[in-house]
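# Residue-level structural notes
Residue strings, one per chain:
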Amino acid sequence: NAGVTQTPKFRILKIGQSMTLQCAQDMNHNYMYWYRQDPGMGLKLIYYSVGAGITDKGEVPNGYNVSRSTTEDFPLRLELAAPSQTSVYFCASSYGSSGGAYSSYNEQFFGPGTRLTVL
Amino acid sequence: QKEVEQNSGPLSVPEGAIASLNCTYSDRGSQSFFWYRQYSGKSPELIMFIYSNGDKEDGRFTAQLNKASQYVSLLIRDSQPSDSATYLCAVRDSGGSNYKLTFGKGTLLTVNP
(Lines give C-alpha, C1' and ligand atoms only; values in the text may rest on other atoms or scores of the structure.)
Protein backbone atom coordinates (compact mmCIF):
# COMPACT_ATOMS: atom_id res chain seq x y z
CA ASN A 1 0.00 0.00 0.00
CA ALA A 2 1.19 3.50 -0.80
CA GLY A 3 -0.74 4.93 2.15
CA VAL A 4 -1.51 8.64 1.76
CA THR A 5 0.05 10.37 -1.22
CA GLN A 6 0.17 14.09 -1.99
CA THR A 7 1.17 16.08 -5.03
CA PRO A 8 2.98 18.32 -5.66
CA LYS A 9 5.74 18.26 -3.03
CA PHE A 10 6.62 21.92 -3.57
CA ARG A 11 4.92 24.80 -5.32
CA ILE A 12 5.45 28.55 -5.67
CA LEU A 13 2.39 30.60 -6.55
CA LYS A 14 1.95 34.24 -7.37
CA ILE A 15 -0.65 36.27 -5.49
CA GLY A 16 -4.06 35.75 -7.06
CA GLN A 17 -3.26 32.44 -8.74
CA SER A 18 -5.23 29.29 -8.03
CA MET A 19 -4.19 25.69 -7.65
CA THR A 20 -5.34 22.29 -6.46
CA LEU A 21 -3.41 20.17 -4.00
CA GLN A 22 -4.00 16.51 -4.65
CA CYS A 23 -4.44 13.84 -1.97
CA ALA A 24 -5.17 10.16 -2.38
CA GLN A 25 -5.25 7.17 -0.03
CA ASP A 26 -5.43 3.46 -0.75
CA MET A 27 -6.36 2.23 2.74
CA ASN A 28 -10.12 2.42 2.16
CA HIS A 29 -10.45 5.01 4.92
CA ASN A 30 -13.74 6.84 5.14
CA TYR A 31 -12.37 9.88 6.91
CA MET A 32 -9.97 12.35 5.33
CA TYR A 33 -8.54 15.66 6.54
CA TRP A 34 -6.59 18.65 5.35
CA TYR A 35 -4.28 20.48 7.75
CA ARG A 36 -1.91 23.38 7.41
CA GLN A 37 1.19 23.71 9.56
CA ASP A 38 2.92 27.03 10.10
CA PRO A 39 6.26 27.20 11.92
CA GLY A 40 5.79 26.67 15.65
CA MET A 41 2.01 26.61 15.30
CA GLY A 42 1.10 22.93 15.21
CA LEU A 43 -1.53 21.53 12.86
CA LYS A 44 -4.69 23.47 12.03
CA LEU A 45 -7.64 21.65 10.47
CA ILE A 46 -8.83 23.25 7.22
CA TYR A 47 -11.51 20.85 5.97
CA TYR A 48 -12.49 17.28 6.58
CA SER A 49 -14.67 14.61 5.01
CA VAL A 50 -16.46 11.66 6.58
CA GLY A 51 -17.16 9.96 3.27
CA ALA A 52 -17.64 10.48 -0.45
CA GLY A 53 -19.87 13.47 -1.08
CA ILE A 54 -19.66 14.74 2.53
CA THR A 55 -17.33 17.55 3.54
CA ASP A 56 -17.26 20.11 6.34
CA LYS A 57 -15.24 23.07 7.50
CA GLY A 58 -12.53 22.82 10.08
CA GLU A 59 -10.88 25.53 12.10
CA VAL A 60 -9.35 27.62 9.27
CA PRO A 61 -11.39 27.10 6.04
CA ASN A 62 -11.30 30.62 4.58
CA GLY A 63 -9.65 30.78 1.15
CA TYR A 64 -9.95 27.04 0.55
CA ASN A 65 -12.43 24.61 -0.92
CA VAL A 66 -12.68 20.83 -1.12
CA SER A 67 -14.60 18.09 -2.84
CA ARG A 68 -14.84 14.36 -2.24
CA SER A 69 -16.24 12.47 -5.20
CA THR A 70 -14.55 9.15 -4.36
CA THR A 71 -13.40 7.41 -1.19
CA GLU A 72 -9.79 7.59 -2.37
CA ASP A 73 -9.37 11.25 -3.37
CA PHE A 74 -9.71 14.48 -1.42
CA PRO A 75 -8.33 17.50 -3.35
CA LEU A 76 -7.89 20.92 -1.75
CA ARG A 77 -8.50 23.97 -3.91
CA LEU A 78 -6.88 27.35 -3.27
CA GLU A 79 -8.59 30.24 -4.99
CA LEU A 80 -6.91 33.65 -5.28
CA ALA A 81 -3.75 32.69 -3.41
CA ALA A 82 -2.54 35.10 -0.72
CA PRO A 83 0.81 35.30 1.15
CA SER A 84 -1.04 34.19 4.31
CA GLN A 85 -1.54 30.80 2.65
CA THR A 86 2.19 30.15 2.59
CA SER A 87 2.44 26.99 4.67
CA VAL A 88 3.01 23.26 4.65
CA TYR A 89 -0.16 21.35 3.86
CA PHE A 90 -0.77 17.83 5.11
CA CYS A 91 -3.50 15.47 4.07
CA ALA A 92 -4.46 12.68 6.47
CA SER A 93 -6.90 9.82 6.59
CA SER A 94 -8.35 7.58 9.27
CA TYR A 95 -10.54 4.52 9.49
CA GLY A 96 -13.15 6.47 11.43
CA SER A 97 -14.72 6.54 14.83
CA SER A 98 -15.90 2.95 14.97
CA GLY A 99 -14.36 0.91 17.72
CA GLY A 100 -15.30 3.44 20.35
CA ALA A 101 -13.22 5.78 22.43
CA TYR A 102 -10.86 2.98 23.42
CA SER A 103 -9.79 2.10 19.94
CA SER A 104 -6.82 3.42 18.04
CA TYR A 105 -8.96 3.25 14.90
CA ASN A 106 -8.98 7.00 14.99
CA GLU A 107 -5.26 7.05 14.29
CA GLN A 108 -4.67 9.50 11.49
CA PHE A 109 -2.14 8.60 8.81
CA PHE A 110 -0.43 11.54 7.17
CA GLY A 111 0.80 12.16 3.66
CA PRO A 112 4.29 13.57 3.01
CA GLY A 113 3.05 17.16 2.72
CA THR A 114 3.07 19.97 0.17
CA ARG A 115 5.22 23.02 0.82
CA LEU A 116 3.47 26.04 -0.70
CA THR A 117 4.92 29.52 -1.03
CA VAL A 118 2.82 32.45 -2.23
CA LEU A 119 4.78 35.47 -3.43
CA GLN B 1 -12.61 26.22 21.56
CA LYS B 2 -10.77 23.04 22.51
CA GLU B 3 -7.17 23.66 23.47
CA VAL B 4 -4.11 21.47 23.77
CA GLU B 5 -1.08 23.06 25.39
CA GLN B 6 2.52 21.94 25.15
CA ASN B 7 5.80 23.56 26.11
CA SER B 8 7.29 24.63 22.80
CA GLY B 9 10.83 23.99 24.00
CA PRO B 10 13.36 23.48 22.76
CA LEU B 11 14.02 20.72 25.26
CA SER B 12 17.63 19.63 25.24
CA VAL B 13 18.82 16.43 26.94
CA PRO B 14 22.08 14.48 26.80
CA GLU B 15 22.22 11.09 25.14
CA GLY B 16 21.09 8.35 27.51
CA ALA B 17 18.97 10.66 29.68
CA ILE B 18 15.20 10.61 30.18
CA ALA B 19 13.26 13.18 28.15
CA SER B 20 9.93 14.27 29.63
CA LEU B 21 7.32 15.92 27.41
CA ASN B 22 4.10 17.34 28.83
CA CYS B 23 0.67 18.19 27.50
CA THR B 24 -2.53 19.59 29.03
CA TYR B 25 -5.95 19.70 27.39
CA SER B 26 -9.18 21.60 27.94
CA ASP B 27 -11.83 19.11 26.73
CA ARG B 28 -12.74 17.24 29.93
CA GLY B 29 -14.74 14.68 27.95
CA SER B 30 -11.80 13.58 25.81
CA GLN B 31 -11.08 9.86 26.04
CA SER B 32 -8.16 9.17 23.71
CA PHE B 33 -4.74 10.73 23.44
CA PHE B 34 -2.00 10.42 20.86
CA TRP B 35 1.67 11.28 20.64
CA TYR B 36 3.05 11.92 17.16
CA ARG B 37 6.71 12.38 16.27
CA GLN B 38 7.64 14.73 13.44
CA TYR B 39 11.15 14.90 12.06
CA SER B 40 12.17 18.17 10.43
CA GLY B 41 10.68 18.41 6.95
CA LYS B 42 8.65 15.22 7.37
CA SER B 43 5.07 14.34 8.22
CA PRO B 44 3.83 13.33 11.69
CA GLU B 45 3.89 9.64 12.61
CA LEU B 46 2.09 8.02 15.52
CA ILE B 47 4.30 6.65 18.30
CA MET B 48 1.91 6.23 21.25
CA PHE B 49 -1.81 6.01 21.95
CA ILE B 50 -3.34 5.97 25.44
CA TYR B 51 -6.89 6.04 26.81
CA SER B 52 -6.66 4.67 30.38
CA ASN B 53 -5.39 6.55 33.41
CA GLY B 54 -1.90 5.48 34.36
CA ASP B 55 1.10 4.42 32.35
CA LYS B 56 1.46 2.69 29.00
CA GLU B 57 4.89 1.45 27.98
CA ASP B 58 6.19 0.61 24.51
CA GLY B 59 9.92 0.02 24.32
CA ARG B 60 11.73 3.16 25.42
CA PHE B 61 8.51 5.20 25.36
CA THR B 62 6.05 5.58 28.24
CA ALA B 63 2.84 7.56 27.98
CA GLN B 64 1.21 8.73 31.20
CA LEU B 65 -2.40 9.91 31.50
CA ASN B 66 -4.20 11.66 34.34
CA LYS B 67 -7.73 12.54 33.24
CA ALA B 68 -8.62 14.24 36.53
CA SER B 69 -5.77 16.71 36.00
CA GLN B 70 -6.31 16.74 32.21
CA TYR B 71 -2.67 15.96 31.73
CA VAL B 72 -0.80 13.56 29.46
CA SER B 73 2.94 13.09 29.21
CA LEU B 74 5.51 11.17 27.20
CA LEU B 75 8.73 9.85 28.69
CA ILE B 76 11.58 8.74 26.46
CA ARG B 77 14.15 6.62 28.29
CA ASP B 78 17.74 6.23 27.15
CA SER B 79 17.30 9.11 24.71
CA GLN B 80 19.15 8.79 21.42
CA PRO B 81 20.17 11.46 18.90
CA SER B 82 17.66 9.83 16.53
CA ASP B 83 14.90 10.88 18.94
CA SER B 84 15.58 14.52 18.07
CA ALA B 85 12.30 15.72 16.58
CA THR B 86 9.15 17.68 17.35
CA TYR B 87 6.62 15.75 19.44
CA LEU B 88 2.96 16.59 18.90
CA CYS B 89 0.30 15.82 21.48
CA ALA B 90 -3.14 15.18 19.98
CA VAL B 91 -6.45 14.80 21.79
CA ARG B 92 -9.48 13.08 20.32
CA ASP B 93 -12.56 15.29 20.42
CA SER B 94 -15.44 14.21 22.64
CA GLY B 95 -19.03 14.08 21.46
CA GLY B 96 -20.31 13.64 17.94
CA SER B 97 -17.10 14.67 16.16
CA ASN B 98 -14.92 12.16 17.96
CA TYR B 99 -13.03 11.28 14.81
CA LYS B 100 -11.30 14.67 14.89
CA LEU B 101 -8.07 15.38 16.70
CA THR B 102 -6.94 18.65 18.23
CA PHE B 103 -3.17 19.06 18.10
CA GLY B 104 -0.83 20.98 20.35
CA LYS B 105 1.88 23.16 18.86
CA GLY B 106 4.53 20.56 19.56
CA THR B 107 7.68 20.37 21.67
CA LEU B 108 11.06 20.36 19.92
CA LEU B 109 13.39 17.80 21.50
CA THR B 110 17.13 17.81 20.88
CA VAL B 111 19.23 14.89 22.13
CA ASN B 112 22.90 15.79 22.32
CA PRO B 113 25.53 13.07 21.72
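My aim in this report is to walk through the structure given alongside it, one point at a time. What you see is a predicted model, and the numbers here were worked out from it, not measured in a lab.

## Focus on the interface of chain B and chain A
Taken together, the contact pairs 22 residues of chain B with 26 residues of chain A. In total, chain B and chain A occlude about 2,000 Å² of area from one another, counting both sides; carbon and sulfur atoms represent 58% of this. On inspection of chain B and its partner chain A, the count reaches 0 salt bridges. Here chain B is connected to chain A by 3 residue pairs in polar contact (both at pLDDT 80 or more). Of all the secondary structure elements, the ones that give two or more residues to the side of chain B that touches chain A are strand S4 (33-38), strand S5 (45-50), strand S9 (85-92) and strand S10 (101-103) of chain B. Tallying contributions element by element places S4 of chain B first for the side of chain B that touches chain A, with 3 residues. Residues that form the side of chain B that touches chain A fall into these classes: 10 nonpolar, 8 polar and 4 charged.

## Section: the sheet that holds strand S6 (residues 54-58) of chain B
All names here are of chain B. The sheet built from 5 strands is open, its strands ordered S1-S3-S8-S7-S6 with antiparallel pairing. Of all the strands in the sheet, the pair left with one neighbour each is strand S1 (4-6) and S6. The mean inter-strand angle of the sheet, taken between neighbouring strand axes irrespective of direction, is 20°.

## Overview of empty space enclosed by the protein
Residue and element names in this part refer to chain B. Within this structure, the stated rule accounts for 1 cavity of 30 Å³ or more. Approximately 40 Å³ is the volume found for the largest cavity. Forming the walls of the largest cavity are Lys 2, Glu 3, Val 4, Tyr 25, Ser 26, Asp 27, Ser 30, Val 91, Asp 93 and Thr 102. For the lining of the largest cavity, the residue count by class is 3 nonpolar, 3 polar and 4 charged.

## Some thoughts on the environment of Gln 6 of chain A
All names here are of chain A. By the element assignment, Gln 6 lies in strand S1 (residues 4-7). Assessed through its relative accessible area of 4%, Gln 6 is described here as buried. Each C-alpha atom of the pair Gln 6 and Thr 114 lies 6.9 Å from the other, and the pair is 108 residues apart in sequence. Filtering out sequence-adjacent residues up to four positions away, Gln 6 remains in contact with Gln 22, Trp 34, Tyr 89, Phe 90, Cys 91, Gly 111, Pro 112, Gly 113 and Thr 114. A polar contact is formed between the side chain of Gln 6 and the backbone nitrogen of Gly 113, at a distance of 3.0 Å.

## Re the pairing of strand S11 (residues 107-112) of chain B
Residue and element names in this part refer to chain B. Because side chains alternate across S11, one face comprises the buried residues Thr 107, Leu 109 and Val 111, and the other comprises Leu 108, Thr 110 and Asn 112, none of which is buried. Two elements, strand S2 (residues 11-14) and S11, share 4 bridges in a ladder whose sense is parallel. In the strand pairing of S11, Leu 11 is matched with Leu 109. Of the pairings in the sheet, the one linking S9 to S11 comprises 3 bridges and is antiparallel in character. For Thr 86, the partnering residue across the bridge sits in S11 and is Leu 108.

What counts, and where the lines are drawn
- Residues numbered from 1 in each chain as written.
- Chains lettered and ligands numbered in written order.
- Predicted model: local features only at pLDDT ≥ 70, side-chain atom pairs only at ≥ 80, totals over all residues.
- Heavy atoms only, no water.
- Contact = heavy atoms within 4.5 Å.
- Buried area = accessible area lost by both parts, 1.4 Å probe.
- Salt bridge = Lys/Arg side-chain N within 4 Å of Asp/Glu carboxyl O.
- Polar contact = N/O pair within 3.5 Å; in protein donor to acceptor, adjacent residues only side chain to side chain.
- Helix = DSSP H or I, 4+ residues; strand = E, 2+ residues; numbered from the N terminus.
- Nonpolar A, V, L, I, M, F, W, Y, C, P; charged D, E, K, R; others polar.
- Pairing = 2+ DSSP bridges.
- Axes fitted to C-alpha atoms, helices over the stretch in contact; angles between N-to-C directions.
- 1 Å grid on protein atoms, 1.4 Å probe; cavity = no way out; pocket = protein on both sides within 12 Å on 5 of 7 lines; lining within 4 Å.
- Points joined across faces, edges and corners; volume = space filled by probe spheres on them.
- Buried < 20%, exposed > 50% of the residue type's maximum accessible area, 1.4 Å probe, protein only.

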